Amino acid sequence: MGATGACNTFGQLLALRFLLGFFEGVTYPCIYIVLNTLYRKSEQSRCLSFIYVSTGMGTVLGVVLAFGLAHLNGVIKLTCFAIRGYIVFGIATVVIGILTFLFLVDDPHHRLLRLTEKEKEIVEERSKDNCVVRNKEIKKEQIW
């Protein structure tokens, strides 16, 4: 996202937008896997609804922020509002990505949860209700 502001030709823009979509394409499947692991089937619809609403609200807030960046002429040295927007959203994407990598709880027994022994028993009981099987093997035919 941050490099998009440096594009000068349609080919460059097309290539970067392709890469952006390619890397963002795994977002929702990963969210579904994490939700299926952490929540019961009866709770998953509420969680997915929250994610869809959050996506829409993120779009609304992003448009408001882009509107504000477009009206910063003279405040920031960069004159083109598009370049400012790409830089701001690119930096935000990198920061959020790093924070997600460091703090995403992707397992009911994750160390960040700091569960007591009683809570671990509850987690085990909830996990049985879900019947989720995690396979960490990467299969090339599934990728294609």
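See the structure above.
Remember, predicted model here, so these are calculated numbers, not experimental data. (Residues numbered from 1 in each chain as written. Predicted model: local features only at pLDDT ≥ 70, side-chain atom pairs only at ≥ 80, totals over all residues. Heavy atoms only, no water.)

Undergrad: Tell me about the overall build of the protein, and please be specific about residues and values.
TA: In terms of regular secondary structure, the protein is built from six helices and zero strands. Going from the N terminus to the C terminus, the protein shows its helices and strands as α-α-α-α-α-α. Over its C-alpha atoms the protein spans a radius of gyration of 20 Å, topping by over 25% the 15 Å that the globule rule assigns to 144 residues. With the C-alpha coordinates aligned to their principal axes, the bounding extent of the protein is approximately 60 × 40 × 25 Å. Looking at the protein as a whole, 15% of its 144 residues qualify as buried. Excluding contacts between residues fewer than 6 apart, the proportion of contacts in the protein whose partners are at least 24 apart in sequence is 47%. Surface summary for the protein: the accessible area is close to 11500 Å², and the carbon and sulfur share equals 68%. Of note, the protein has its 16 positive side-chain charges centred 9 Å away from the centre of its 12 negative side-chain charges. (Helix = DSSP H or I, 4+ residues; strand = E, 2+ residues; numbered from the N terminus. Rg over C-alpha atoms; globule rule 2.2 N^0.38 Å. Buried < 20%, exposed > 50% of the residue type's maximum accessible area, 1.4 Å probe, protein only. Contact = heavy atoms within 4.5 Å. Areas by Shrake-Rupley, 256 points an atom, 1.4 Å probe, with all protein chains shown as cover. Lys, Arg positive; Asp, Glu negative; His and termini not counted. Charge placed at Lys NZ, Arg CZ, Asp CG, Glu CD.)

Undergrad: Which residues make up the pattern of salt bridges, and what values do they have?
TA: Scanning the model with the defined rule gives one salt bridge in all. Between K120 and E117 there is a salt bridge whose closest N-O contact spans 3.7 Å. A residue pair is termed a helical-turn pair when its members lie 3 or 4 positions apart in one helix, as K120 and E117 do in helix α5 (residues 117–130) at three residues. Using a relative accessible area of 34% as the deciding quantity, one classes K120 as partly exposed. (Salt bridge = Lys/Arg side-chain N within 4 Å of Asp/Glu carboxyl O.)

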